[in-house]
Protein chains: 4
Amino acid sequence: MVVANHIAGQIERGERAVGSRLPSELDLSNMWGVARMTTRRAIRELSERGLVPAVHGKGTFVTQPDAWARAGSRLAGAIPECHSGIGGPGTPLSVAEDA
Amino acid sequence: MVVANHIAGQIERGERAVGSRLPSELDLSNMWGVARMTTRRAIRELSERGLVPAVHGKGTFVTQPDAWARAGSRLAGAIPECHSGIGGPGTPLSVAEDA
Amino acid sequence: MVVANHIAGQIERGERAVGSRLPSELDLSNMWGVARMTTRRAIRELSERGLVPAVHGKGTFVTQPDAWARAGSRLAGAIPECHSGIGGPGTPLSVAEDA
Amino acid sequence: MVVANHIAGQIERGERAVGSRLPSELDLSNMWGVARMTTRRAIRELSERGLVPAVHGKGTFVTQPDAWARAGSRLAGAIPECHSGIGGPGTPLSVAEDA
DNA sequence: GTGGTCTAGACCACA
DNA sequence: GTGGTCTAGACCACG
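The sections below set out a description of the structure shown in this document. Just so you know, these numbers come straight off a predicted model, no measurement behind them.

What counts, and where the lines are drawn
- Residues take numbers from 1 onward in each chain, read along the sequence in its written order.
- Chains carry letters and ligands carry numbers; both start at the beginning, A for chains and 1 for ligands, and go up in the order they are written.
- Where local features are concerned, this predicted model is filtered to residues with pLDDT of at least 70; where side-chain atom pairs are given and counted, the filter is 80 or more; whole-chain, interface and lining totals use all residues.
- Excluded from the side-chain calculation are hydrogens and water; included are all heavy atoms of the structure.
- Secondary structure elements follow DSSP: runs of H or I no shorter than four residues count as helices, runs of E no shorter than two count as strands, and numbering proceeds from the N terminus.
- Each residue is placed in one exposure class: buried if its accessible area under a 1.4 Å probe, protein chains only, is under 20% of its type's maximum, exposed if it is over 50%, and partly exposed if it falls in between.
- Contact definition: two residues touch when any of their heavy atoms are within 4.5 Å.
- Per-residue accessibility takes into account occlusion by the displayed protein chains alone, with areas from the Shrake-Rupley method and a 1.4 Å probe.
- One speaks of a salt bridge when a side-chain nitrogen belonging to Lys or Arg is within 4 Å of a carboxyl oxygen belonging to Asp or Glu.
- When the copies are superposed, the least-squares fit draws on C-alpha atoms of residues that have pLDDT of at least 70 in both.
- Here the axes come from fitting lines to C-alpha atoms, over the contacting stretch only for helices, and the angles between their N-to-C directions go from 0 to 180 degrees.
- Roughly parallel covers angles under 35 degrees, roughly antiparallel covers those over 145, roughly perpendicular covers 65 to 115, and oblique covers all other angles.
- Residue classes follow a fixed rule: Ala, Val, Leu, Ile, Met, Phe, Trp, Tyr, Cys and Pro count as nonpolar, while Asp, Glu, Lys and Arg count as charged, and any other residue, Gly among them, counts as polar.
- The criterion is simple. A nonpolar core is a set of buried Ala, Val, Leu, Ile, Met, Phe, Trp, Tyr and Cys residues joined through side-chain atoms within 4.5 Å.
- Summed over both partners, the accessible area (1.4 Å probe) lost when two parts come together is defined as the buried area.
- Polar contact is the term for a pair of N or O atoms within 3.5 Å; when the atoms are in protein, one must be able to donate a hydrogen and the other to accept it, and sequence-neighboring residues count only if both atoms are side-chain atoms.

## Notes on the overall build of chain A
- In terms of regular secondary structure, chain A is built from five helices and two strands.
- Walking chain A from its N terminus toward its C terminus, one meets helices and strands in the order α-α-α-β-β-α-α.
- Considering chain A as a whole, with its 99 residues, one finds that 31% of them fall into the buried category.
- Contacts in chain A between residues at least 24 apart in sequence constitute 49% of all its contacts with a sequence separation of at least 6.
- Accessible surface for chain A amounts to roughly 6200 Å². Of this, 52% is attributable to carbon and sulfur atoms.

## Side note on the pattern of salt bridges
- Following the criterion strictly, the structure yields 15 salt bridges over all chains and no others.
- Note that R13(C) is salt-bridged to E15(C), the shortest N-O span being 2.7 Å. Residues R13(C) and E15(C) agree in their burial class; the two are exposed.
- For R40(D), the salt bridge goes to E25(D), with nearest N and O atoms at 2.7 Å. Of this pair, R40(D) sits in helix α3 (residues 36-48) while E25(D) sits in helix α2 (residues 25-32), and the two are 15 residues apart along the sequence.

## Structural notes on the relation of the copies chain D and chain B
- Between chain D and chain B, the superposition needs a rotation of 180 degrees and an axial shift of 0.0 Å, giving an RMSD of 0.0 Å. What the superposition gives is, in effect, a two-fold axis relating one chain to the other.
- The share of interface residues of chain D whose copies in chain B are also at the interface is 100%, consistent with both copies meeting through the same surface.

## A short note on the packing of helix α2 (residues 25-32) of chain B against helix α3 (residues 36-48) of chain B
All names here are of chain B.
- Where α2 meets α3, the closest approach of the two axes is 8 Å, and the angle between their N-to-C directions is 110 degrees. Taken together, the axes of α2 and α3 are roughly perpendicular relative to one another. Where α2 abuts α3, its residues E25, L28, S29 and W32 lie against R36, T39, R40 and I43.
- Grouping the constituent residues of the contact of α2 with α3 by class yields three nonpolar, two polar and three charged.

## Considering the nonpolar core
Residues and elements named next belong to chain D.
- Counting 11 residues, the largest nonpolar core is built from I7, A8, I11, L22, L28, W32, I43, L46, L51, V52 and V62.
- When residues of this core are traced back to their parent elements, those giving at least two are α1 (2-12), α2 and α3.
- Ranked by the residues each element gives to this core, the list is headed by α1, at three residues.
- When sequence neighbours within four positions are dropped, the list of residues in contact with L28 reads L22, P23, T39 and I43.

## Let's talk about the environment of A35(B)
- Position of A35(B) relative to the elements: it lies in the loop between α2 and α3.
- In this structure, the C-alpha to C-alpha distance between A35(B) and V52(B), residues 17 residues apart in sequence, is 20 Å.

## Thoughts on the interface of chain D and chain B
- Listed by partner, the interface residues are four residues for chain D and four residues for chain B.
- Buried area between chain D and chain B, both sides added, is near 330 Å², and the carbon and sulfur share of it is 34%.
- At the surface where chain D touches chain B, the tally comes to one salt bridge.
- A salt bridge links E48(B) to R44(D); the nearest nitrogen and oxygen atoms lie 4.0 Å apart.
- Linking chain D to chain B there are zero residue pairs in polar contact (both at pLDDT 80 or more).
- Residues of the side of chain D that touches chain B, tallied by class, amount to one nonpolar, no polar and three charged.

And the structure:
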């Protein structure tokens, strides 16, 4: 799978910040000029490798395979979960913080 | 959904007293770690099955499916409606005990 | 109503930017230490004066009474986003209306 | 809701052909200027009344309440289900003409 | 302060 | 590329 390898490479080379959100499936499809299903297949592959845990209704986030292997459950803290905000590099998540 | 089945099971197993009020949607959302809309979906499903009639501005109450089948329309009087005074202190509206 | 006057004053003195969103009703209630209903009443009063049109599901925004009186339809442009045709061009913000 | 009644009226007045597919939820959302979830609510309501059975991955189709009442279960075969091939071009599945 | 409805946008499952 | 479900958070109506 070309696209899967493409994005996997980006992550492994550090071109995509850990904790950052991937563009939406639709955006990626348009960016790559491929069908949505192809994008989904690629994302799914990466998900299964633990590179980009998808959080339903929120987005798909990049984590570090390395960290994943090391920490296991601690990963939960690295991924922006239901309530917490991770405060990683360039995190567009905590929107509600300002008054 | 899982949460709907979860609470439905609690009711059917009698873990939730008939006539008691469920925690508010917000509380349940926090308890389950899901968005409020997800909670609403679950509650709605149960509402449609007649297990937990929701009363606007008051709360959501558990009734007994058994009693429901037995009593039919008479149940309507057992559910805290506009006219009734169950909003007051300690009125468990036991449906079954009048049979 | 003290709170209504308070925020109305803020707007009229320009302390709240035109087009900006007000804090949520809950936040305002906490800020002022009053019940939610009080806040709602205050907001409602301002809404009726055209100071802070509330957009369902989005928030409450401040506009300029002056501009409101002048332009009417141009008000839509004063509210951030107004993406939809809900209040469309030439429609004085009646969100709840539909054919 | 208003939109639900709107489209329900269209169907009941015969402005939407029986067997025809409704625009997608996204299209309807854009047409009405509302969020997709609002559209879903409306569609859902109609679905529960049997007016517009939704078929996952295919679309939402209009049937006739009248025919529904007459035909009962036979209607099931008229609605594009898993087995049928109405996904192809031009299969108007006219429910009423077999009566 | 509860339930009810809505915005805006994401991922998921089916075809 | 559709319908299905979910997140996150706002305003609305009832009491």
